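Overview (structure and organization)
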Amino acid sequence: MSEQPSVSAAQHVEEFRASFTAGQQRELAKRLTTFLAQYSHLTDSFIIEFFTENLWQTLPSPWQAVLQDLSYPQTARLLLDASHNEDRRYPSVWPLSLLAFRATAHALAFPRECRPDRGRVAGSQRPDEFLENQSQSSLLGHIFRKHVKPKKQHEIRKLGTLVKQLCDQTGCRRVVDVGSGQGHLSRFLSFGLGLSVTAIEADHTLAAMAAKYDGELLWTLEKEKQKKSCSFPPPEARSVPRHIAGWVNPKASWEAFIKQLKYANHGMEGAQTSCGPSKKRRADLTQTPQTGGLWLSSDRSEREQMLSEGSCCSDIQTFSEEGRDAEETRLLDYPDFVLTGLHACGDLSATLLRHFVSCPQVRGITSVACCYMKITTKENPTPPGLISPPTPLTPGAEAVPLEFGYPMSSWVRGLPGHQLSYKAREGACHAVEDYKRRLVEESQLLRTHCYRAMLETFIRDARPDLRRAGIQTIKKAHLLAFTEYARLGLPRVGLPPDLALDQERVAAMLKQQSKVVVYFTLSLLLAPVVETLVLLDRMIYLKENGLDSQLIPLFNPNFSPRNFVLVALKPSR
C-alpha cells in the first residue's frame, strides 16, 4: 500500500518557488497589513453584537444600500466567489469602494484550491478518493482507515506522501511527528511508507491510544501474513512508531528538544518488538501502551524537576550531573530527521519552525497550522485557550517569553498596522467554503448567528455587565423558534428561562437576519487574508534565516479548511 510521491504537489512547489521572491514576500506583507488595518473594524467585530453595537450602521451608507436586499446565493456569488467570472451579474450598481474591497481581499489571499481540484465541476465537494465510498478513501490502504475519519484519511495520505518526498530529497529516514494525537499519520509514515517515526503528543490518553492502535495494526498484519494475502513486508522488518507522551515547551531550546528525543528513544529500547499470533501477545499489544512503543515517566517529582529546568518535555528521563557535560557533546550525534506537524495548535507550529531553523539535525519540515487565535502576541501573550504545561513551572521560568507566535519575522514586526487581534485570528480559522455552501443552499443553519445576536440584546438588557457570555452550542438551534432558543440559552448565563421577551423587538430583529448574514460574510471574506498574513510572516521568518520555503494548498479546502502546508528544506551539507 505504499504511496507514490505526488507529482502534482511537487510541480506546485516548484511553481510557487519560482514565482514568489523574497522581495515579493515583503511587498505582499506591506499590502496585507495596510489592507487589514483599514478594515480592522470588520475583522475585530463579534457577530453576536450585531444589534447591541449596531454593526450594520458601521458600514458605509452606499454599501448598506446595495447589500441589504441580497439573497443568500447572491451573497455567496458576489462576495465569496473568488473566480474571475466576467458574467457576474449585480442586482444594482455597486460602489467602487465595495468592488475594490472585494477584489483586493481575493487578490491578496493565497489561493486555497489544491491543484488537482482546480477546474473541477461545480457541486463536487468531496475529493475524488471518496466518490465510491464517502467514508473510505480509495487511495488509502484498509489498515490505515480503521479508527480514522474521512477528513483525516485525506490529510494523512496527502501529507504523508509529501513527507516521504522530503525524506527522499534529504536522505533522511527518520521523521518526528509533533502533536501526533492518536498516531494516524505516524502509522501511515511508518507502516505505509517505511519511515522511522517518533511521535510526540501532550495528551497521555491519546498517546496511549496511538500505541494501542499500533498493536491492532500489527496484529492485523500478522493475521494477513498467515493467510498469505498480505502485501506488506512482515512486521519484523518494519519500525514501529515510538510514542512520547510529553509537552513541547515553546520556551525551551532546540537542545532540550533533542534531549527529549534521545532519552525517549533510549527509554524505549527493547520495547519495539514484533507481534506474534498468540492471543496473549494480542492482548499485550492492544492493552499495554509500553509494548506498542509508548514510554511514560510516572515519577511526578521527576516531571516537575524537568519542567522547572525549562525542559522541552514534561515526561523525559532525568540524567546525572556527572553525565551532563558528556551528554551535551553527544547532542550533535543525533541522526538527521524531517519534522512534521499536522494541525499543530497555536504556538506549537511557530515553535517547530524555530527548532527547524536552529537545530542542525532537522533537515526538512512540513507544517500545517491551526487555531491561530491561540497564538501568543506581544499585545496578547496569554490568549484564551493557550495550552499550559501539565505541571506549574517554577517562578523563575514563568516570565513572558521574548518570542511570540506572531509575528515571527523582523520584517512584519516592523510594519505599521501588523497587529492582529484575537478576534481576527479566530476568524481566520473559519471554514469559508462551508459557509459559502450554506449560502448557496440557503441553509436554515444561517439563522443561528441572528438568533445569538438577538439573545445578546436581551442578556444585556437584564445584565448590562454580561458581555459575550459563553452559551455553547444549542443542539439543532436552527430548527427552533427564537423563543424556544432563548428559553434554552438564558439559563446558561444565569438568567431565568422565562425572562420576558418583547415580541415586537423579536419580530423586528428577525427581519434583519439577511443583514446579519451579509455582515458576517463581509468579515468572513477577510479570514483568508488574515491567514495569509500569519503564514507569510512565517515564510519571511525562514527567509530571514537563510531558508527558502513554499506554501502548498495540499488538502481539499471543502474537506479540510486549514489546508495549507508550509514546506522547507535545508541545503545539503
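Structure report, in brief. Model, not experiment: these values are computed from the prediction.

Some details on the overall build of the protein
Within the protein, the secondary structure is distributed over 22 helices and 8 strands. Counted over contacts in the protein with a minimum sequence separation of 6, partners at least 24 positions apart contribute 76%. When the accessible surface of the protein is totalled, it reaches about 25,300 Å², and 51% of it is carbon and sulfur.

Notes on unusual backbone geometry
The omega torsion across Tyr 406 and Pro 407 is -10°, close enough to zero to call that bond cis. Along the chain, Pro 407 turns up in the loop between strand E6 (362-370) and helix H15 (410-413). Located in the positive-phi region is Glu 442, a residue other than glycine, with phi close to 55°. Here Glu 442 lies in the loop between helix H17 (432-441) and helix H18 (447-462).

Some remarks on the environment of Phe 51
Tracing the chain through its elements places Phe 51 in the loop between helix H3 (40-43) and helix H4 (61-67). Expressed as a C-alpha distance, the spacing of Phe 51 and Met 454, which sit 403 residues apart in the sequence, is 6.9 Å. Not counting the four nearest positions on each side in its chain, Phe 51 is found in contact with Cys 450, Ala 453, Met 454, Thr 457, Met 509, Gln 512 and Val 516.

Quick word on the nonpolar core
Core analysis: the largest hydrophobic core is formed by 113 residues, its most contacted members being Leu 67, Phe 101 and Phe 482. Looking at which element gives the most residues to this core, the answer is helix H22 (residues 527-544), with 11 residues. Setting aside its immediate chain neighbours within four residues, Phe 482 contacts Tyr 451, Met 454, Leu 455, Phe 458, Leu 501 and Val 506. Listed in part, the 30 residues of the second largest apolar core include Cys 167, Cys 172, Phe 191 and Leu 554.

A word on the state of the cysteines
Per the counting criterion, the structure on display carries 0 disulfides. We note that Cys 172 lacks a disulfide partner, and the nearest cysteine sulfur, in Cys 167, lies 6.2 Å from it. On the basis of relative accessibility, which here comes to 3%, the residue Cys 172 falls in the buried class.

Points about the packing of helix H8 (residues 184-192) against helix H9 (residues 204-226)
Put simply, H8 and H9 touch, their axes get as near as 10 Å, and they point 35° apart. For the pair H8 and H9, the sense of crossing is right-handed. Contact residues: His 184, Arg 187 and Phe 191 in H8; Ala 210, Tyr 213, Asp 214, Leu 217, Leu 218 and Leu 221 in H9. For the contact of H8 with H9, the per-class residue count stands at 6 nonpolar, 1 polar and 2 charged.

As for the pairing of strand E3 (residues 242-245)
Where burial is concerned, the two faces of E3 agree: the one with Arg 242 and Ile 244 and the one with His 243 and Ala 245 are both buried. Where strand E2 (residues 196-201) lies against E3, 4 bridges are found, and the strand directions are parallel. Within E3, the residue paired with Thr 198 across the bridge is Arg 242.

Quick word on the packing of aromatic side chains
Inspection of the entire model under this criterion finds 16 aromatic pairs. Measuring from ring centre to ring centre gives 6.1 Å for Phe 50 and Tyr 519, while their planes differ by 70°; the resulting arrangement is edge-to-face. Here Phe 50 is found in the loop between H3 and H4, whereas its partner Tyr 519 is found in helix H21 (residues 513-525), with 469 residues between them in sequence. The exposure class assigned to Phe 50 is buried, which follows from its relative accessible area of 2%. We classify Tyr 519 as buried; its relative accessible area is 1%.

Describing H17
Listed in full, the buried residues belonging to H17 are Val 432, Glu 433, Tyr 435, Arg 437 and Leu 439. The elements touched by buried residues of H17 are helix H5 (72-80), H18, H21 and H22.

Reading the values: rules and limits
Residues numbered from 1 in each chain as written. Predicted model: local features only at pLDDT ≥ 70, side-chain atom pairs only at ≥ 80, totals over all residues. Heavy atoms only, no water. Helix = DSSP H or I, 4+ residues; strand = E, 2+ residues; numbered from the N terminus. Contact = heavy atoms within 4.5 Å. Areas by Shrake-Rupley, 256 points an atom, 1.4 Å probe, with all protein chains shown as cover. Core = buried A, V, L, I, M, F, W, Y, C linked by side-chain atoms within 4.5 Å. Buried < 20%, exposed > 50% of the residue type's maximum accessible area, 1.4 Å probe, protein only. Disulfide = S-S within 2.5 Å. Axes fitted to C-alpha atoms, helices over the stretch in contact; angles between N-to-C directions. Left-handed = near helix turned anticlockwise from the far one by under 90°. Nonpolar A, V, L, I, M, F, W, Y, C, P; charged D, E, K, R; others polar. Pairing = 2+ DSSP bridges. Phe/Tyr/Trp six-rings, centres within 6.5 Å; stacked < 30°, edge-to-face > 60°.

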